[in-house]
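# Summary of the model geometry
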Amino acid sequence: MPPASSHVQSQLDDPEVKDLGWRSRSPRVPSLIQGISNDDLFMLIRRFNKQVQHVRAIPPPPPGFLDLEISEDEEFSPDKLRANIERLYMTVIVGMAAFGKHVARLRSWNEPRRTAKFCAAYFVAWYFSLLPALFIGTVLLLMFRPDYREKLFPPAPLAAVSATSGNLQVPRAGTLASGDSLSGAPEAHPGEAVEQEASHFVAALGAVGAGTVMGQGGAPKRKHGEPRADEKGDAAGEMETETNQAEGASDDSFAGAVPDPSEFALHAKNVKDTANGNGVQDPGAEVAKKSVESALWEKMRPVMRILADIADTWERFGNAIEPVPPFPKYTARLRLAGVLVPILFASFFVPAALVVRGTTFAIGAGFFGQPIISRVVHQFVHRVPNWRKYMELRRTLLKGVPTNAQLTLTLLRVAELAKAPLPPPPVSQPHQTAAAADAANPAPSHPPQAADALKEHDFAFDTENYEVEGVDHDHPQAYADGEGTDGEPTDAESAADGSAEGGGENKKKKTGSKVLGLIKKTAHGGVSSVLGVDHLKAKVGNEQAKRRLGVVAPPPNKEQTEAIPAEHEEELEDEKELAKERAEVALKREGPTSYSARVHGKKGRILLVTGAASPCISWVPEKPLRAALMAPSKIPGKGGDEAEGLPAEFTIGLSDIVSLRKMGGFGWKGRLVVGWATGRDVLDGLEVVDKFGGRRVFTAIRGRDELFNRLIAMGNHSWECL
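Quantities reported herein were computed from a predicted structural model and do not represent experimental measurements.

## Looking at helix α12 (residues 370–383)
Counted at 1.5 Å a residue, the expected span for α12 with its 14 residues is 20 Å, and the 20 Å between its end C-alpha atoms agrees. Across the 14 residues that make up α12, only a small minority, zero, are buried.

Right, here's the structure in full:
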C-alpha cells in the first residue's frame, strides 16, 4: 500500500510533471505529440471524453492486441446509445456523404480534364475486361501514396458541394466556416462543427420520433440543448432509473423529482389512445404495449453494439490507411495489401463468365441446401464455439489497428511516460465564432452575395466551370446597396414589409419568451430552495445531500484568478498575507496534479502523487491543506522543514484501482433542470474502486475528465469499456 501521507509542495505542483498548457499562462508547445497536430489531438480528446465513461481493469491482452475494447458485459443505457449514434454520424455518415459528393463532382463534368481521365481509364479497362484490376489497383495506390489521394480526389469543403448535381452550393448555414461539416457552421476549433451537428442530429431524431408518436408534424419549435454522453449513476443509487426503484419508494434526488423525458412519448401515446376511445382504455392494447416495449428494450443492446462495431471498424480502417505514431506506418497497410494483391492477379486470369457461374451456383446451393448447411454449421459451432471471435476483423485483418478511443489512450500514455500529461482541450469562447455566426444565415436560399463570397474561397481545384446553387436572385437582400432595379424593393422597404407582415408573429414570440422567462424564474427559485435544503440535510447526515454539495459551480465572477500578479505580490510585504494569497491561488488551480473535489460533502483536494515509490491518489481535506500551505515553512526562501508530510484522509494506490466510472452530479434529468434554471455548470463526479472492494466517490470535481484521463493512462493497467 502507498504511504498514508502526501508531500505538500508550494502551489501543490509536482516539479517532475511538465505543464504544457494547463494554465492560461503556461507555455504553448506547437506540437504536443510528434506526428499529430494539436488540433487533431484535442479533437480526439474531446470525443474520447464523451465516449468513454466506465472502464474496468482486465488482464493484459495478448501481444499485438489492444485494450479498451467493449466488454461483453456492457449494459444498455440511452446515453450510450446517443453517444454511439453521434459517433456513427461523425464517422460513417459524414464519410459516406464525402464519398457521394466526390462521385457527384466526377459525374458533373465541371472538371473536364479529371473526369475525362477517369472516363478513359474506365472504358479501356471495360474493353479489356480489367475493371476489377482497375478498382483494386486504385485502392492500393490510394493506400500507399497519400499524395495521389489529393491528385485523384481534390478535397473540397463538404458543405460547399451538392450531393445531387456536383455543383457548388451555398451552405445551409449561409457561410463556409468549417470544412468537414455538412452545414458549414462556424467553429472555434477544428471538429467542433461536426460534433455539434452530430449532437443536434440525435436531438432531431428524438424530436421526429416524439412527434410521430404524438401525431404532430413540423419542425421542433424549441431549441434543443447540446446532449452530453457522460451522465452516469453513482454507487449509492443516485442515478437509478424508475424501473430499478421499489414501487412507492421516495428518491431523495433531483432525478426522482423530475419527470422522465424518455417516457413522455409513451404517456402521450396513452393519452391519445384514451382520447380516441372516449376515455376507455382497451385491455388488449395494454398487453400489446408491454409486449412491444419489452421486445424493443431487449433488442436495443445488440443494436447499440452493432452501431458501435460499425463506427469502430470505420475508425480502424481510417487509422490503418493513415496511421499515427507510435503505431507502425506500413504494417496494417501491408496486411490489407496481402488480401488485395492475390485478387488483383486473379482478375487477370479468371474469366468474368466463370465468376458469374460460380456466384449463381453459390446462390442456388445456399437457397436449396439448408438441411446440409444446418448440419455442417451445427457441427462446426460445436467444435469451435468461439469461431465468431476468431473471424472478427479486429482480430485478423485489422489486428493491432486502434479505434480513435484506443489511439487517444495510447497518446495519453505516451504523454504520461514523458512526464508531460496532455492538457485539456481549449474551450470555445463566444467571441471566437461571433463574427462567423453573424455572417451566417441558415436558410434554403441565399442572396447572390453569398455566391460571390463562396467563389472567393480558396478551393483545391478549378471552379471556373462550376455553377453555384442555392442562390435566389429575387431574395430581399439581393441588393446590399439599397438600390433596387426593375421595381424590386430595397432592403429598407423589404425590412418594413417584413416587419409589417411579421408583426403578429413577433408578438407571439415575445409572449412566448415572457412565459418561458416566468417558468425559468420559478424553476430557479425552486432549485435554489432545494439546494438550500440540501445543506441542512447534509448537516444531519443525509448521504445523498452530501454528494450534491458543491455540484453547482459558483458564478464566474466569484472565482479567483490562478496567479498572483507580480506588482500585487510586491505589495504583500507581510509574510502571512503573501502565504494566504498563494494558498488561495494553489487551491483554485486545477491539474495536472491537484484537483478540487468533495468526499461526503467535505471540501478537499485530490492529489496525484507520482514521485513516490508507490504512486497513488490522495484526498486531503481543505482546512488542514490550507493551513499547511500558509505555514511559514512553505514560503520559498524562508527556510523550515519541508520534509514533513501532510497526513491524507485516505490514499488509493494506482496499482490497486480496478474500476473508474464517471458520474453525473444530479443525474441526467436533474442536470437538465438545474443547468437550465441556474445558468451554471453542473460539476460531475468520479467513482474509484480498488481491488480490496473499497469504493470511493468523489463529487464536484473540476476537471473531472482530465483526472479520469490521467488515471487510466498512468500505471500498467489494461482496461475494457463497460
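Next comes the rest of the account.
## Some thoughts on empty space enclosed by the protein
Per the stated rule, a full pass over the model turns up five cavities of 30 Å³ or more. In this structure, the largest cavity occupies an estimated 280 Å³ of space. Lining of the largest cavity is provided by 24 residues; of these, Q51, I70, E74, N84 and C721 occupy positions nearest its centre. Examining the composition of the lining of the largest cavity, we find that five residues originate from one element, helix α2 (residues 78–108), more than from any other.

## Thoughts on the side chain of R87
For R87, the location among the structural elements is in helix α2. With relative accessibility at 6%, the residue R87 sits in the buried group. Once residues within four sequence positions are removed from consideration, R87 is found in contact with Q51, V92, A308, A311, D312 and E315.

## Details of the packing of aromatic side chains
Centre-to-centre distance and the angle between the planes together describe a pair of aromatic rings. As enumerated under the stated definition, the model contains 10 aromatic pairs in all. Seen from their ring centres, F380 and W387 are 5.9 Å apart, and the 65 degrees between their planes marks the pair as edge-to-face. What makes W387 partly exposed here is its relative accessible area of 25%. A network of ring pairs unites the aromatic residues F459, F461 and Y466 as a single cluster. A cation over a ring is seen here: K662 above F708, with NZ or CZ 4.7 Å from the ring centre.

## Remarks on the nonpolar core
Formed by 45 residues in total, the largest nonpolar core has its most connected members in L68, L660 and F698. If one sorts the elements of this core by residue count, helix α14 (residues 404–417) sits on top with six residues. Apart from the residues lying within four places of it in its own chain, the contact partners of L68 are F48, V52, V55, A405, Q406, L409, W719, E720 and C721. If you look at the next biggest cluster of nonpolar residues, it comprises 12 residues, including L140, A320, L336 and L344.

## Details of unusual backbone geometry
Note that the residue after P325, namely P326, is joined by a cis bond; omega there is 15 degrees. Take P326: it is sitting in the loop between α9 (283–321) and α10 (331–349). A positive phi is found at S129, a non-glycine position, where the angle reads about 55 degrees. Along the chain, S129 falls in the loop between α3 (112–127) and α4 (131–144). A relative accessible area of 54% places S129 in the exposed class.

## Remarks on the packing of α14 against helix α24 (residues 704–713)
Close contact between α14 and α24 brings their axes to 9 Å; oriented N to C, the two are set at 80 degrees. Overall, the two elements α14 and α24 adopt an arrangement that is roughly perpendicular. Judged by residue contacts, L409, L412, R413 and E416 of α14 engage N709, R710, I712 and A713 from α24. Broken down by class, the residue content of the contact of α14 with α24 amounts to four nonpolar, one polar and three charged.

## Let's talk about the pattern of salt bridges
What the rule picks out here adds up to 29 salt bridges. E416 is the partner of R710 in a salt bridge, and the nearest nitrogen-oxygen pair spans 2.9 Å. Of this pair, R710 sits in helix α24 while E416 is found in helix α14, placing the two residues 294 residues apart along the sequence. With relative accessibility at 3%, the residue R710 sits in the buried group. Taking the relative accessible area as the measure of exposure, E416 reaches 13% and is therefore buried. The shortest N-O distance in the salt bridge between K662 and D705 comes to 3.1 Å.

Each value, and the rule that gives it
- Residues numbered from 1 in each chain as written.
- Predicted model: local features only at pLDDT ≥ 70, side-chain atom pairs only at ≥ 80, totals over all residues.
- Heavy atoms only, no water.
- Helix = DSSP H or I, 4+ residues; strand = E, 2+ residues; numbered from the N terminus.
- Expected span 1.5 Å × (residues − 1).
- Buried < 20%, exposed > 50% of the residue type's maximum accessible area, 1.4 Å probe, protein only.
- 1 Å grid on protein atoms, 1.4 Å probe; cavity = no way out; pocket = protein on both sides within 12 Å on 5 of 7 lines; lining within 4 Å.
- Points joined across faces, edges and corners; volume = space filled by probe spheres on them.
- Contact = heavy atoms within 4.5 Å.
- Phe/Tyr/Trp six-rings, centres within 6.5 Å; stacked < 30°, edge-to-face > 60°.
- Lys NZ or Arg CZ within 6 Å of the ring centre and 35° of its normal.
- Core = buried A, V, L, I, M, F, W, Y, C linked by side-chain atoms within 4.5 Å.
- Axes fitted to C-alpha atoms, helices over the stretch in contact; angles between N-to-C directions.
- Parallel < 35°, antiparallel > 145°, perpendicular 65-115°, else oblique.
- Nonpolar A, V, L, I, M, F, W, Y, C, P; charged D, E, K, R; others polar.
- Salt bridge = Lys/Arg side-chain N within 4 Å of Asp/Glu carboxyl O.

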